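Here's the letter readout for the chains.
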Amino acid sequence: MSQASSESALFADGTVQRSDSPVFTSPNKMKLGVFATNLSGTASGMSTLKGSMTVANWSQQSELAVTADRAGIEALVPASRWKGFGAPSGYWDRTYDTWTWGGAMAAITERIQVFTTCAVPLYHPVMAAKMGATLDHISGGRWGVNIVPGWFGSEFEQFGMEMGDRKARYRLAQEWFTLVDRLWTESEPFDFEGEFYKFKGAVSAPKPVQSPRPLVMNAGQSEEGLGFATRNADMIFVNTTNEEVLTKNIAKVRTDAQAAGKQVSIWANMDIICKNTEQEARDLADAWMEAVDTEAVDKFISLMAGGDAGTHKTLMQNPDIWKSMALTGANAFVIGTPEMVVEKFQQLSDLGMDGTTMTWHEYPQGLNQFVSDVLPVMREAGLRSDKPLDS
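Residue indices begin from 1 for each chain and proceed along its sequence in written order. This being a predicted model, a pLDDT of at least 70 is required before a residue's local features are given, and a value of 80 or more before pairs of side-chain atoms are given or counted; all residues contribute to the totals for chains, interfaces and linings. Note: side-chain values were computed over all heavy atoms of the structure, leaving out hydrogens and water.

Student: Can you tell me about the overall build of the chain, naming the residues and giving the values?
Tutor: On a plain count of helices and strands, the chain comes out with 15 helices and 13 strands. What the globule rule says is 2.2 Å times the number of residues to the power 0.38, and the radius of gyration is computed from C-alpha atoms. In terms of C-alpha radius of gyration, the chain reaches 21 Å, essentially the compact-globule figure of 21 Å for 391 residues. Principal axes of the C-alpha set define a box for the chain whose edges measure 70 × 50 × 45 Å. Across the 391 residues that make up the chain, the buried fraction comes to 55%. For the chain, contacts bridging at least 24 residues in sequence account for 77% of all contacts bridging at least 6. For the chain, the accessible surface area stands at approximately 16,300 Å², while carbon and sulfur atoms represent 52% of it. Numbered from the N terminus, helices here are DSSP runs of H or I no shorter than four residues, and strands are runs of E no shorter than two. Only protein chains enter the accessibility calculation, which uses a 1.4 Å probe; a residue is then buried when its area is under 20% of its type maximum, exposed when over 50%, and partly exposed in between. The criterion used for residue contact is that any of the two residues' heavy atoms lie within 4.5 Å. Using a 1.4 Å probe, accessible areas were evaluated by the Shrake-Rupley method; residue-level cover was limited to the displayed protein chains.

Student: So, the layout of surface pockets: which residues are in play, and what are the values?
Tutor: For the largest pocket, the calculated volume is near 240 Å³. Lining the largest pocket we find 17 residues, and of these S47, S52, M53, T54 and S89 sit closest to its centre. Classifying every residue of the lining of the largest pocket by side-chain character gives six nonpolar, 10 polar and one charged. Buried and open spaces are told apart on a 1 Å grid over the protein atoms alone, a cavity being a set of points where a 1.4 Å probe fits but cannot get out and a pocket being an open set with protein on both sides within 12 Å along at least five of seven lines. Residues with an atom within 4 Å of a point are the lining residues. Grid points are joined across faces, edges and corners, and a volume is the space filled by probe spheres set on the points. As a working rule, the residues Ala, Val, Leu, Ile, Met, Phe, Trp, Tyr, Cys and Pro are called nonpolar, Asp, Glu, Lys and Arg charged, and the rest polar, with Gly in that last group.

Student: Lay out the pattern of salt bridges in plain terms, naming residues and giving numbers.
Tutor: By definition here, a salt bridge exists when the distance from a side-chain nitrogen of Lys or Arg to a carboxyl oxygen of Asp or Glu is within 4 Å. Summed over all chains, the structure comprises 11 salt bridges. A salt bridge links R182 to E186, with the nearest nitrogen and oxygen atoms 2.9 Å apart. Judged by relative accessible area, R182 falls into the partly exposed class, the value being 25%. One salt bridge connects E278 with R282, and the closest N-O pair in it is separated by 3.1 Å. Of the two residues, E278 and R282 are both situated in helix α10 (residues 278-290); the distance of four residues between them amounts to about one turn of the helix. On the basis of relative accessible area, E278 is assigned to the partly exposed category, the value being 34%.

This is how it looks when you write it as C-alpha cells:
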C-alpha cells in the first residue's frame, strides 16, 4: 500500500452508512428519544411546581444523557430556543446552545443518536456544514441535524433579522440544505448564487463520518413543512393530539416517501406523568395545574396566535389549548401507571408511529423511573427488545 493510500485509510470520512443509524436499525418496535432537556422547563407544561429541568449546571445534562444512552434509548434531541418569557416559572429563560451541547453529548455517550436542532436562518450553510461534520466525527457517525426554518419571530429580532413568511422560510431552508448537502458530499470548491445565498469557492473538509450524509430530522406540520420533510428528512415528526389528523398525516408521509423511493422514520413527542398508581400520577398533574404559570401560558399562546408556523397552527386547533399548553406543552400525553404509559405507546405503534421522544415533569426522577419501571413493561409488550447496559 502506498503512503498516500495508507494515510487515506486512516480518515473516518464516509465510513458509517446513514442507514445503520439506531433510528432505523434498532430492533425495538417503538423507538425512543429524550427531548429538550437543554431548556429550563423542557418542552413540557408551564408551572412553578418544583421538579422540572432548571438548566442549573452541566451535571444535570450529562447524567441524563448517560442514563438514556445506557438504557438503550435511541435519540437525544435538543430544542433551539434563544429567549424565554420572563415569567415566574423561568420557562425557557435558561437554554443551552444545541451545537455545543451536541458536541459534549456526543463525547460522553456511546450508542445514542445525538441531534443538533438548527434554526437555519441563523447559520450560514458553510458554517453549518463544517460544524456538522465535526460533530459527526466526535460522535463516530451518531450525529443528526433537526432542521427548523423558523419558530418565534421575536427570537429572530434579537439577531436583527425578520423571520419572513412560511413559504419564504421553506424556500430558504431548501436552498440552505441543498448547499449543506453539497458541502458534505462534493470535494471540489463551487460557486453559488441563489435567492438567499451567494458565495464563491465554497468547500468543506473533513466530510461527515456518515455516508452519504448525516441523519436529517424535520417537524414541519404545514403543507410546505410536510413537503420539505418528505423531500429531505430521514426522521419526520408528525405531532398532534388529534388521532384522525395523525393517522392521515402518517399515511401521507408513508405514501410520499415510498413514491420518492426513500426510507423514513416517523416520530411523535409524548409528555409523561407516570407514578406507581394512577391516583399518584393524577395528584401530580393536579398539583402541577394548581401552580400553573399563567403568565408563561398566556405569552406562549399569544405568540402562537400571532405567527404562521405550521406547528403553531396545528396546536391552536385544539379547543382546550390553554389547559393543554399549561399541563403538557400541548403535546400528546399520558397520565398514569407504567402499564398505562405502555398502552399509550402501543396505540401510537398501532397507528404506524416508529418512535416518540419524551418529556417529563420531574428530572431526573421521570427518566429514572421510565428506565426502571416502564421499559420492562414495554419489553413484555413486544415494543422493546433491548436491555439496559447495566441490567
